[in-house]
Structures are given as C-alpha cells and as structure tokens.
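# A look at the structure
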Amino acid sequence: MFDEVFDVVVIGAGHAGCEAASACARMGVETALITINLDLIGQMSCNPAIGGIAKGHLVREIDALGGIMGRVIDRTGIQFRLLNRSRGPAVRSPRAQADRSLYRMEMRRMLEATPNLHLRQGTVVDLIVKNDRVLGVELQDTRRIGAKAVIVATGTFLNGTIHTGQKTFSAGRAGEPASLELAESLKRLGFPVGRLKTGTPPRLDGRTIDWDAFEPQPADENPVAFSFSTEKIEQPQITCYIGYTSERLHQKIRDNLHLSPLYSGRIKGIGPRYCPSIEDKVVKFADKNRHQLFLEPEGHNTNEVYLNGFSTSLPAELQQELVRMIPGLEEVKIIRPGYAIEYDFVDPRQIKPTMETIKVKGLFFAGQINGTTGYEEAACQGLIAGINAALQVKGRPAFQLRRDEAYIGVLIDDLIRNGVDEPYRIFTSRAEARLLLRHDNADRRLMPKGYELGLIGDLDWEKFNRRRDLIMKLHRVLENTRFKRSSVEYASLSQLLGCDLGDSISLAQLSQRQGVSSELIHRLLPESIKSETSLKELESALADILYKGYIENQKIAYERIHHHDNMKIPEGFDFRKIAGLSREMVERLERVRPQTFGQLRRISGLTPAAVSTVLVYLMANKSDRCVT
C-alpha cells in the first residue's frame, strides 16, 4: 500500500531534478518532487554562475525546449558576459553570475506556481521495484509513495563523503546528510557503481578584501539573456575582479601536499580535469609561477565572495594561510573553507538516449549520477528525463535528440556510448556540427520540438515565429541588396575598406569582409526592414551566411570519417607530432594505442575535432605506412 500515488516521482531538487519535475508537471502528469530540504531547492552548491563555453549553448537549448533554467538566471543574474566575443559566432557563449540566494528563491517560486507539481520533503531510502519495473519509492520516515516513473537526480548525495585535510565525514554537501540507503538500493538492483570527486573553493568575507589590488571585470554593457522570452535584463549588475596566485603560495602548497587528501591517498575518486584543485594546478603545471583567480560576489545583499580557481581540500587552517599569500588578500577572512567531495555514480552506459535505465522500466537517471559535472549538464539531462517520463506515462513515443541537432544530443550520446572515466563536461570541440549548433539559433533548431511537446506557450510560440520569419526575410535582403560601382554607398564602402569591391557587392558578401561590423550592415539595410530588425536577429542571420559553406563541407567531412575505419595506424605512431591535438587527446590515444582509424574513432573521450585532425593527418601522410 502507498501513502500517496503520483504519475512521476523526482528524487532530488538540484538543477536536474528541478527541470525534470517542471517538465513532467507542465506536460500534464501529476508529479512529486522529493528533496531532503525544501529550503535548498535549486541550490548552487559550487560556483554561483550559469553558462560559459558550450554550457551557455546548453542553457539556450534547454530554454528552446521549454526548460526553466534560462528564465531563472535572467531574473537573478548579477553579471552577464558573452564569452569569446573576439572569435566566431559558433563558439561565443553567454555566462551569468547569479545572486545565489535569489536564484534558489526564484527556482522554488516557479516550481510552486506550476500546476500538477507537488513538493515533498524527505529522504528516499529505497526504490520499490517488481519484475524489473519501478513502482515507487520508500522514505526514511516510512512513507511509501507510488509512481509510474521515477527520476533519480541525486547530485553528489549518493554515498557522499567530504574531505578537508585529514578530516573525512559523510555528507551530500556541506551541512546536509548523504544518501546512503539509496546508494545501497541501486547496488542491490545490479547497477555498476563507481566513485567520482569534485570540490569547491573557500568563500571569503568581502569586507576584508583590498579590492583596489585586483583588476576589475565589469559586466557587459548590453547583457545577452539566456531565455528567448527575455526582452531585457533589468536588475543592477556588479563587477567581478581578477587576481593571481604567487610562487610563494605554490611553494607552501608543495611543502604541505602530505596534508591533501588528494595526494595522501584518502580520495580514490577521479576529479574533473577542467576544474582542478589548486593543489593539482601547482603539481601538474609546475612551470607556471602564477594562476588566475576570479573574485565573484555571491549576491547584492551578502559579503560572501567566491574565490573561483582556488578549489581545495587542504586543512581549513592552512587554507586561511594560503589565501593570505594572494596579493590583495593579506587580511582576508574565510567564511566557509573549501572542501572536496566524493560520491557514487552509475555507469551511464546503463541508460538509453531517453535517460531511462536499461535494467528497470520506468526508472530514469539524470545529472551527476550519470558521471557529469556542472549545473547545465545536469539540467539538460533532467529536462530530457522529465520529458520522456511524462511521455511514457501518457503512452506517447519517446523523445530523443541527435548529435547534429543539439549539444544536448552530443552530451547524451557521449555518455551512453563511451561511459566516463572522469567527470564529463561539455565543450564545443565535442560536437561535429558545432558550426550549426550556435547559441543564437537554438530556438530555430529546437523550439518547434518544445512546442509539439507542450512545453512552449502560445505567446512564446508566436514570438518565435515572428523572429524566424524575420531572419528568413533578412537572408533574402542580405543576398539581394547590392551596391554597384556607380552608387554613393559603393564609393564610401570602398574607401572605408581600402580596396576595390568589384563591379558590385551584396550585403551578404560585404558582411564577410574583414573590418565590417554588424552595426555597419544594419545601417545599410533597406528602410523597409531596418526598423523591425534588432542587432540580435541580424547577427544570427549573418552567422547563417558566414557558416553556410563550412556547414556543407562539415557534413561531407563527417560522412567521410566513417568511410576510413579500416585505415591502418603504424605501430608505435607518435601522436604528439600531430599539430592541433591537446595534451588530453594525446594521452588518450597513447593509452589505447589504436591499430586502425575505426578503433581510434571509438576511443572514449576523444573529441570529434581530434578525430578529424588525426584523419586529416593520416590522409596527408599515407606514405608514412598509413594504408587503407
């Protein structure tokens, strides 16, 4: 017998759980979101920021499908910046520093306002499974809740262990208990479980910082929002600051490595390669005499400052000594010490592209339980799990995304095909179709799917159609508006660019010339379309034109890759001599030592860009004993 029965139960109210529960409820199924502490829904356990390289793409895709992360950060972000502005449109990505407490409050407000969604506080200790079908969950207080589908989104809580120096204790994150019984329940069901590790830096008292000693990093003057529904960022923005470690600090860490659980052998789990601890940085990059740090205020109404780049598990008293070796922090006080946390994860090769487990019908996994790291990676998995749980309950076909449709598709495909040997983080280099998968066109790629699923409202759908029609109209105008040699505009443009432009030039051709800005193209638009066109829509249309030929070539190259699986790779081949391969990619290649290109292509963690780079080299050097 059950105390309550719902269509879907979601375990955990982190970023994966919030997206999963919101999607299920808005798709019309009765949903329960169960969490240990209702006051910490949407808690930012580590860095209070959303987005970043490729991560910002994920948030845009979540929003285009009808998710809520983009809307929440747009309402609570206190420093918006578009990263990679100097590079091509495909790799530019939005990022925003959040007011940590406001983000949490806004997420809870949105969930509580969602019909069909019921919040419950409690600790899930067991999954109720019969004949390989999930039937519900059991709570620590003996309540039993029935469900047709269950989504496990437990973050770092599964058998979580916190390390600070030589002190170790069980916890899901600082101040909250770990989920021990549920971890054992998953093992009893036969899921292969491993251990991963992540960490967080100390939080500083901003009143004890010499701010003048640091380099200011202001917010963008015109913030780029995450949600396509956001017209303008209204709230006041803050300034963050850049600082650096010192060689004296590095030496102090080297002298005390025996106190680090990471180097003393206490920590067995593998940590994130792209967010290493300060101990790891000092050891693995011994040639560097300083490392960059970011001082990020955690909100308008708090003195707490996040020391980004200084993740550590060293003893608390040593952390205080170390941070005071940073110029500008000589008198600083630590509010919360940093720590490392180990936790269980399940081999993601146990799930389908829908996020449903292979072993148990109706059981879905989302977030760090699948070996990922990052709020955005977790949120997109939660959204897909929520969508598919709701579809299953309603008897509708499952929903999947391909690699060439979205970064979400890339992430899920990487997980279920390759598994993980370290916490997985999304990068633009992981996507073969990255020139097509831009942050600015996520709505055109995915919003029709979100609308069909019932997650996009009519007002947002109408707005999307107006934007899509305008961009299509812009394509035609940019291709067809030409300036002939005899025109006044031609003469001024030729003078501006310092070169002859031929007998005539179109706006599309002009936009691809070096030194031509989108602002200039906007000024040259015909009056009939200029007034209704913002720079945002124009830049999206210009990016389509810029990448059109590259995308066609990319499709051809992608097809070509799969036709060379029998190409031999010479024994003892030195992958280090291939220009363009990162140290990580070389390490993976040397560890596996593939004998054919087909074996190489299937190496876990090898990015599509690396695969293409190797293929180009092998094709160009066939005489070097590489034969097809």
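Above: the structure in question.
Now for a quick tour of the structure. In this text the structure is predicted, and so the values were computed from the model without any measurement. (Residues numbered from 1 in each chain as written. Predicted model: local features only at pLDDT ≥ 70, side-chain atom pairs only at ≥ 80, totals over all residues. Heavy atoms only, no water.)

## Describing the overall build of the chain
Each helix and strand counted, the chain has 21 helices and 22 strands in total. Expected size for 628 residues packed as a compact globule is a radius of gyration near 25 Å; at 26 Å, the chain falls within 12% of this value. A principal-axis box enclosing the C-alpha atoms of the chain has dimensions of 85 × 60 × 60 Å. A burial count over the chain gives 58% of its 628 residues as buried. Taking contacts inside the chain between residues at least 6 apart in sequence as the whole, the part at least 24 apart equals 73%. Carbon and sulfur atoms form 49% of the exposed surface of the chain, whose accessible area is close to 26600 Å². Computing the positive centroid from 85 side-chain charges and the negative centroid from 78, the chain places the two 3 Å apart. (Helix = DSSP H or I, 4+ residues; strand = E, 2+ residues; numbered from the N terminus. Rg over C-alpha atoms; globule rule 2.2 N^0.38 Å. Buried < 20%, exposed > 50% of the residue type's maximum accessible area, 1.4 Å probe, protein only. Contact = heavy atoms within 4.5 Å. Areas by Shrake-Rupley, 256 points an atom, 1.4 Å probe, with all protein chains shown as cover. Lys, Arg positive; Asp, Glu negative; His and termini not counted. Charge placed at Lys NZ, Arg CZ, Asp CG, Glu CD.)

## Topic: the environment of L474
Mapped onto the secondary structure, L474 falls in helix α13 (residues 458-480). What makes L474 buried here is its relative accessible area of 0%. Expressed as a C-alpha distance, the spacing of L474 and T533, which sit 59 residues apart in the sequence, is 8.6 Å. Among residues more than four places away in sequence, those in contact with L474 are L525, I529, T533, E537, L538 and A541.

## Some points on the nonpolar core
Among the nonpolar cores identified, the biggest contains 109 residues, and V137, V150, I151 and I408 are the most heavily contacted of them. Taken together, domain 1 (4-196 + 343-453) and domain 2 (203-340) each give at least three residues to this core, which thus spans both. Residues contacting V150, with those up to four places away along its chain left out, are V9, I11, L127, V134, G136, V137, G362, L363 and F364. (Core = buried A, V, L, I, M, F, W, Y, C linked by side-chain atoms within 4.5 Å. Domains from an automatic or database assignment.)

## A short note on helix α2 (residues 55-64)
For α2, a buried count of 10 out of 10 residues is recorded, marking the element as mostly surrounded by other parts of the structure. Buried within α2 we find K55, G56, H57, L58, V59, R60, E61, I62, D63 and A64. Looking at the residues trailing α2, positive phi occurs at G66, about 105°.

## Observations regarding the sheet that holds strand β3 (residues 49-51)
The antiparallel open sheet is built from three strands, whose spatial order is β3-β5-β4. Pairing within the sheet leaves two strands with one partner each, and these edge strands are β3 and β4 (77-83). Neighbour to neighbour, the strand axes of the sheet diverge by 15° on average, direction disregarded. (Pairing = 2+ DSSP bridges. Axes fitted to C-alpha atoms, helices over the stretch in contact; angles between N-to-C directions.)

## Here's the deal with the packing of aromatic side chains
In total, this model carries eight aromatic pairs according to the counting rule given. With centroids separated by 6.3 Å and ring planes inclined at 50°, the aromatic side chains of F80 and F226 adopt a geometry described as tilted. Of this pair, F80 sits in strand β4 while F226 is found in the loop between β14 (215-217) and β15 (240-244), placing the two residues 146 residues apart along the sequence. Here the guanidinium or amino end of R290 rests over the ring plane of Y244, the centre of that ring lying 3.6 Å away. In this structure, R430 packs its charged tip against the face of Y424, placed 4.3 Å from the ring centre. (Phe/Tyr/Trp six-rings, centres within 6.5 Å; stacked < 30°, edge-to-face > 60°. Lys NZ or Arg CZ within 6 Å of the ring centre and 35° of its normal.)

## Digging into the sheet that holds strand β13 (residues 203-205)
The six strands lie next to each other as β14-β15-β16-β17-β13-β18, forming an open sheet whose pairing is antiparallel. This sheet does not close on itself; its edge strands, each paired only once, are β14 and β18 (334-336). The average undirected angle you get between the axes of adjacent strands in this sheet is 35°. Both strand β16 (residues 292-297) and strand β17 (residues 304-308) contribute to a ladder of four bridges, which runs antiparallel. Bridge pairing in β17 places F294 opposite N308.

## Some details on helix α12 (residues 442-453)
In a regular helix each residue adds 1.5 Å, so 12 residues correspond to 16 Å; α12 covers 16 Å between its end C-alpha atoms and thus fits that length. Residues of α12 that are buried include every one of A442, D443, R445, L446, M447, G450 and L453, and no others. One side of α12 holds all its buried residues, which, seen down the axis, span an arc of 165°. Positive backbone phi, at 90°, marks G454, one or two positions downstream of α12. (Expected span 1.5 Å × (residues − 1). Arc of directions from axis to C-beta.)

## Some words on unusual backbone geometry
A negative phi holds for most residues other than glycine; trans holds for most peptide bonds. The phi angle at A54 is positive, at roughly 70°, despite the residue not being glycine. Secondary-structure assignment places A54 in the loop between β3 and α2. Of note in the backbone geometry, N131 takes a positive phi value of approximately 55° without being a glycine. With respect to the element layout, N131 can be found in the loop between β7 (124-130) and β8 (133-139).

## Considering the pairing of strand β9 (residues 144-152)
For β9, the buried fraction is high: seven of the nine residues fall into the buried class. When strand β1 (residues 4-11) meets β9, the two strands line up parallel, connected through seven bridges. The residue of β9 that forms the bridge with V8 is A149. Two elements, β8 and β9, share three bridges in a ladder whose sense is antiparallel. Considered in β9, the bridge of E138 is made with R144. With three bridges joining them, β9 and strand β20 (residues 363-365) adopt parallel strand pairing. For I151, the partnering residue across the bridge sits in β20 and is F364.

## Regarding the packing of α12 against α13
Between α12 and α13, the shortest axis-to-axis distance is 11 Å and the interhelical angle comes to 150°. In terms of orientation, α12 lies roughly antiparallel with respect to α13. Here α12 and α13 pass one another in a crossing that is left-handed. Contacts between α12 and α13 involve D443, R444, M447, P448 and Y451 on the former and, on the latter, D458, D460, W461, F464, R467, R468, I471 and H475. (Parallel < 35°, antiparallel > 145°, perpendicular 65-115°, else oblique. Left-handed = near helix turned anticlockwise from the far one by under 90°.)

## Remarks on the environment of D255
Tracing the backbone shows D255 in helix α6 (residues 247-255). In this structure the side chain of D255 is engaged in a polar contact, spanning 2.9 Å, whose partner is the side chain of Q251. (Polar contact = N/O pair within 3.5 Å; in protein donor to acceptor, adjacent residues only side chain to side chain.)

## Overview of the environment of N465
Examined against the element boundaries, N465 turns out to sit in helix α13. Taking the relative accessible area as the measure of exposure, N465 reaches 17% and is therefore buried. A C-alpha to C-alpha distance of 19 Å links N465 and A543, two positions 78 residues apart in sequence.

## Regarding the packing of helix α3 (residues 69-76) against helix α4 (residues 100-112)
α4 packs onto α3 with a crossing angle of 135° between their chain directions and a minimal axis gap of 9 Å. With respect to each other, α3 and α4 are oriented oblique. The crossing of α3 and α4 is right-handed. Listed contacts from α4 to M69, R71, V72, I73, R75 and T76 of α3 are L102, Y103, E106, M107, R109 and M110.

Don't take any of this as a statement about function, it's just geometry.
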